[in-house]
Amino acid sequence: MITVSHLTKIFEGDGQRVTALDDVSLAIEKGEIYGIIGMSGAGKSTLLRCLTLLEKPTSGEIILSGQNLSALTGAALRTARRGMGVVFQGYNLLMQKTVAENVAFPLKLEKGFDKKAAAARVAELLELVGLSDRAKAYPAQLSGGQKQRVAIARALATKPGILLCDEPTSALDPLTTKSMLALLTDINRKLGVTILIITHELSVVRAVCTHVAVISEGRLAENGAVADVFDRPQSRVTKSLLGREEGA
């Protein structure tokens, strides 16, 4: 479904040149839950922003369902983006809007907005994420886990084929993390949505992902099936991640 080929992203400014991603190639199959893991500053979030074209790659290709996103502009790019739902780190909810209004927000931006159909879609999604009773609440009245559920519901509003999650459990306690991962698995199973999880937590990858890519200093250190990557003789980077988990 998604093929990333020789993706490079270089930031330049104030006489400096920083290579955030360096010749990264990977493939994500339709319907799977794919993890991208690495330490802070490895380039994980830059990769997510490139996948959604919030950052334009310096070179390389991103092929989504046969389309080269890197070559799209204007209306064609906006159409392609509607096929991707993004759950940002920090939730990014509209604090002056209710839960229902937050979930409905992407639908209001759609051409031919139908208020009745949108209300039905919002109700469906709030039931899916377990927040039907919080539709009229405001973000300030929610727990961190509830805010994340609202963010997921909003990302699913336009029925995207892929859901990209940036550190979806980083601010959650262990019990809430477990329920959040169960929700993502449920969404994957019920809706057939391909899910990409950006994380620094090995436990998250082990719990729900089928395949994983390990990113280090902007480069792809390892990738493959989760069991293969974590059980075979590892690279220095993966050993470091495993060692950090064992010492936690």
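Thresholds applied
Residues numbered from 1 in each chain as written. Predicted model: local features only at pLDDT ≥ 70, side-chain atom pairs only at ≥ 80, totals over all residues. Heavy atoms only, no water. Phe/Tyr/Trp six-rings, centres within 6.5 Å; stacked < 30°, edge-to-face > 60°. Lys NZ or Arg CZ within 6 Å of the ring centre and 35° of its normal. Helix = DSSP H or I, 4+ residues; strand = E, 2+ residues; numbered from the N terminus. Core = buried A, V, L, I, M, F, W, Y, C linked by side-chain atoms within 4.5 Å. Buried < 20%, exposed > 50% of the residue type's maximum accessible area, 1.4 Å probe, protein only. Contact = heavy atoms within 4.5 Å. Polar contact = N/O pair within 3.5 Å; in protein donor to acceptor, adjacent residues only side chain to side chain. Salt bridge = Lys/Arg side-chain N within 4 Å of Asp/Glu carboxyl O. Pairing = 2+ DSSP bridges. Axes fitted to C-alpha atoms, helices over the stretch in contact; angles between N-to-C directions. Parallel < 35°, antiparallel > 145°, perpendicular 65-115°, else oblique. Left-handed = near helix turned anticlockwise from the far one by under 90°. Nonpolar A, V, L, I, M, F, W, Y, C, P; charged D, E, K, R; others polar.

J.: Which residues make up the packing of aromatic side chains, and what values do they have?
T.: The geometry of an aromatic ring pair comes down to the distance between the two centres and the angle between the two planes. By the definition in use, this model includes zero aromatic pairs. One Lys or Arg, Lys9, reaches over the ring of Phe11 and ends 5.0 Å from the middle of that ring.

J.: Describe unusual backbone geometry, naming the residues involved and giving the relevant values.
T.: Although it is not a glycine, His6 sits at a positive phi angle of roughly 50°. Mapped onto the fold, His6 is located in strand β1 (residues 2-13). One non-glycine residue, Lys159, lies in the positive phi region at around 60°. Topologically, Lys159 is positioned in the loop between α5 (144-155) and β7 (162-166).

J.: Tell me about the nonpolar core, and please be specific about residues and values.
T.: Grouped together as the largest cluster of nonpolar side chains are 46 residues, with contacts concentrated most on Ile152, Leu156, Leu163, Leu184, Ile195 and Ile197. Look past the residues within four positions of Leu184 in its chain and what remains in contact with it is Ile33, Ile152, Leu163, Cys165, Ile195 and Ile197. In terms of nonpolar packing, the next biggest core, distinct from the first, is built from 29 residues, Leu7, Leu48, Ile62 and Leu64 among them.

J.: Describe the environment of Glu12, and please don't skip the residues or the numbers.
T.: Within the fold, Glu12 resides in strand β1. At 3.5 Å, the side chain of Glu12 forms a polar contact with the side chain of Arg17.

J.: Residues and numbers for the environment of Ala42, please.
T.: In this structure, Ala42 sits in the loop between β3 (33-37) and α1 (44-51). Residue classification places Ala42 among the buried residues on the basis of a relative accessible area of 5%. In sequence terms Ala42 and Val214 are 172 residues apart; their C-alpha atoms lie 9.3 Å from each other.

J.: An account of the pattern of salt bridges is needed here, citing residue identities and associated values.
T.: Where charged atoms from two side chains of opposite charge come close, those side chains can pair. Evaluation of the coordinates by the stated rule reveals eight salt bridges. For Arg49, the salt bridge is made with Glu55, and the minimal N-O distance between the two is 3.8 Å. Here Glu110 ties to Arg82 by a salt bridge, and the two come within 3.7 Å at their closest N and O atoms. With a gap of 28 residues between them, Glu110 in the loop between α3 (99-108) and α4 (115-128) and Arg82 in the loop between α2 (74-81) and β6 (84-87) connect regions that are remote in the sequence. Each member of the salt-bridge network shares a partner with another, and the members are Lys9, Arg49 and Glu55.

J.: Describe in detail the pairing of β1, supporting the description with residues and values.
T.: Pairing between β1 and strand β2 (residues 16-28): nine bridges, direction antiparallel. Following the sheet pairing, Phe11 is matched in β2 by Val18. Across five bridges, β1 lies against strand β4 (residues 59-64) in antiparallel orientation. If you follow Val4 over to β4, its bridge partner there is Ile62.

J.: Mind laying out the sheet that holds β6, listing which residues take part and the relevant values?
T.: If you trace the six strands from one edge of the open sheet to the other, you get β6-β7-β8-β3-β9-β10, paired in mixed fashion. Unpaired on one side and paired on the other, β6 and β10 (219-225) mark the two borders of the sheet. Strand after strand, the sheet turns through a mean of 15° between neighbouring axes, direction not considered. Bridging between strand β9 (residues 211-216) and β10 involves six bridges; their strand directions are antiparallel.

J.: For the sheet that holds β2, give the residues involved together with the corresponding values.
T.: Sheet architecture is open: four strands sit in the order β2-β1-β4-β5, paired in antiparallel fashion. A single partner strand is all that each edge strand has here, and the edge strands are β2 and β5 (67-68). With respect to the sheet, α1 is in contact with β1, β2 and β4, its orientation differing from that of β1 by roughly 110°.

J.: Got a sec to walk through the packing of α5 against helix α6 (residues 174-191)? Specific residues and values, please.
T.: A pair of packed helices is characterised by two quantities: the angle between their axes and the separation of those axes. As a packed pair, α5 and α6 sit with axes 10 Å apart at the nearest point and diverge in direction by 15°. The angle between α5 and α6 places the two elements in the roughly parallel class. Seen from above, α5 lies across α6 with right-handed handedness. Within the contact between the two elements, α5 uses Gly145, Gln148, Arg149 and Ile152 and α6 uses Thr176, Ser179, Met180, Leu183, Leu184 and Ile187. A per-class count over the contact of α5 with α6 returns five nonpolar, four polar and one charged.

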